[in-house]
Amino acid sequence: MTQEERLIQKDRMRFIKNKLPANLALLAILFDVFYFVSIYQSDVRDYYYTMMIGASILYNLVFMLACFLASEGLKNYKMSYAWLIGALGVGQIIRIFVLPAQAHATELKKVGRVMGDSQYAFVVGCLILSAVCCLAAAIIGGVRRKVLKQYLASLETKSA
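Predicted model, so just to flag it, every value in this text is computed and none were measured. The numbering scheme is per chain: residues are counted from 1 as the chain's sequence reads. Reporting of local features is limited, given that this is a predicted model, to residues whose pLDDT is at least 70; pairs of side-chain atoms are given and counted only at 80 or more, and all residues count toward the totals for whole chains, interfaces and linings. Water and hydrogen atoms play no part in the side-chain values, which are based on all heavy atoms of the structure.

This part covers the overall build of the chain. What counts as a helix is a DSSP run of H or I of at least four residues, what counts as a strand is a run of E of at least two, and both are numbered from the N terminus. Per the secondary structure count, the chain includes 6 helices and 2 strands. Taken from N to C terminus, the helices and strands of the chain fall in the order α-α-α-α-α-β-β-α. Each of the three principal axes of the chain carries a C-alpha extent, and together these read 75 × 30 × 20 Å. Per-residue burial for the chain yields a buried fraction of 38% across its 160 residues. By definition, residues are in contact when any of their heavy atoms lie within 4.5 Å. Restricting the contact set of the chain to residue pairs at least 6 apart, pairs at least 24 apart contribute 78%. Accessibility throughout is a Shrake-Rupley quantity obtained with a 1.4 Å probe, and a residue counts as covered only by protein chains that appear here. By element, 66% of the accessible surface of the chain is carried by carbon and sulfur atoms, the whole surface being about 9,700 Å². Of note, the chain has its 18 positive side-chain charges centred 6 Å away from the centre of its 10 negative side-chain charges. Residue exposure (1.4 Å probe, protein chains only): buried if accessible area is under 20% of the type maximum, exposed if over 50%, otherwise partly exposed. Here Asp and Glu are counted as negative and Lys and Arg as positive; His is not counted, and neither are the chain ends. Lysine's charge is taken at NZ, arginine's at CZ, aspartate's at CG and glutamate's at CD.

This paragraph deals with the nonpolar core. Nonpolar cores were defined as sets of buried Ala, Val, Leu, Ile, Met, Phe, Trp, Tyr and Cys residues, with membership established by side-chain atoms within 4.5 Å. Core analysis: the biggest nonpolar cluster contains 34 residues, and Tyr35, Ile39, Tyr48, Phe63, Cys67, Ile85 and Cys134 have the highest contact counts within it. Listing elements by their share of this core, those giving two or more residues are helix H2 (19-40), helix H3 (51-75), helix H4 (79-95), helix H5 (99-105) and helix H6 (117-159). Apart from residues no more than four positions distant in its own chain, Ile85 is found in contact with Ala25, Cys67, Ala70, Leu74, Cys134, Ala137 and Ala138.

Take the environment of Leu74 next. Its location among the elements puts Leu74 in helix H3. Setting aside its immediate chain neighbours within four residues, Leu74 contacts Asn18, Pro21, Ala22, Tyr81, Ala82, Ile85, Ala137 and Gly141.

Turning to the packing of H2 against H6, a few remarks are in order. Relative to each other, H2 and H6 sit at 165°, their axes nearing to 8 Å. Taken together, H2 and H6 sit at an angle that is classed as roughly antiparallel. Note that H2 runs across H6; the crossing there is left-handed. The nonpolar class holds Ala, Val, Leu, Ile, Met, Phe, Trp, Tyr, Cys and Pro. Asp, Glu, Lys and Arg form the charged class, and all remaining residues, Gly among them, are polar. Looking at the contact of H2 with H6, its residues break down into 20 nonpolar, 4 polar and 2 charged. Axis angles are defined between N-to-C directions and span 0 to 180 degrees, where every axis is a line fitted to C-alpha atoms and, for a helix, only to the segment in contact. Each angle gets one of four labels, with under 35 degrees taken as roughly parallel, over 145 as roughly antiparallel, 65 to 115 as roughly perpendicular, and the rest as oblique. Two helices that cross are described as forming a left-handed crossing if the nearer one is turned anticlockwise from the farther one by less than a right angle, and a right-handed crossing if clockwise.

Our focus in this paragraph is the environment of Ala105. Counting through the fold element by element, Ala105 comes out in helix H5. Each C-alpha atom of the pair Ala105 and Ala28 lies 26 Å from the other, and the pair is 77 residues apart in sequence.

Moving on, we get to the side chain of Asp32. Tracing the backbone through its elements, the reader meets Asp32 in helix H2. Aside from chain neighbours lying at most four places away, what touches Asp32 is Asn60, Phe63, Met64, Gln92, Arg95, Leu127 and Ser130.

Mapped onto the secondary structure, Ser56 falls in helix H3. Here Ser56 is in contact with Tyr35, Tyr40, Arg95 and Leu99, once residues within four sequence places are set aside.

In this scheme, patches are assembled from residues that exceed 30% relative accessible area and form no salt bridge. Like charges are connected within 9 Å, while nonpolar side chains (Val, Leu, Ile, Met, Phe, Trp, Tyr) are connected within 5 Å. By convention in these notes, a salt bridge is any Lys or Arg side-chain nitrogen within 4 Å of a carboxyl oxygen on Asp or Glu. On the surface, Leu27, Leu30, Phe34 and Phe122 cluster together to form a nonpolar patch covering roughly 330 Å² of accessible area. Considering each element in turn, the nonpolar patch owes the most residues, 3 residues, to H2. Note that Leu30 resides in helix H2.

At a closest axis distance of 8 Å, the pairing of H4 and H6 adopts a crossing angle of 160°. In terms of their interaxial angle, H4 and H6 are classed as roughly antiparallel. Once H4 is placed against H6, the crossing between them reads as left-handed. Here Met79, Ala82, Ile85, Gly86, Leu88, Gly89, Val90, Gln92, Ile93 and Arg95 of H4 lie close against H6, whose contacting residues are Leu127, Ser130, Ala131, Cys134, Leu135, Ala137, Ala138, Gly142 and Arg145. Of the residues belonging to the contact of H4 with H6, the class tally is 12 nonpolar, 5 polar and 2 charged.

Encoded structure:
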């Protein structure tokens, strides 16, 4: 890519939306939906009827709303939303060690293991993919914001 093409690409950033990180954020929501559908459709006696599942439902709602908000902010090159979605990605990684790990380690009489190996692998995979999408969106959004900010600063110095 020539120097002129790079300059044109940077100039276009002023007028086009930052779609890649915004779409990655939406993909993170999709993987979270797969996660919680797998968890909530499980009918393992009364194991899931606790405060933990209530907190999990509440966190899922907050995650999806915050992730959607961040996707809209990332479209407009806002750095604060890159930080928000990065924190959401870290939160997805932490979640692996809460509900799925506890359910996988718990055995009930007459039922056996609450969460089997295949379901555990699926939900952990969904959380990891969701976290990767969030972290990639944060990195790409942050880098693109920095490039645009530097380009705008260079335009101001040229015009002064």
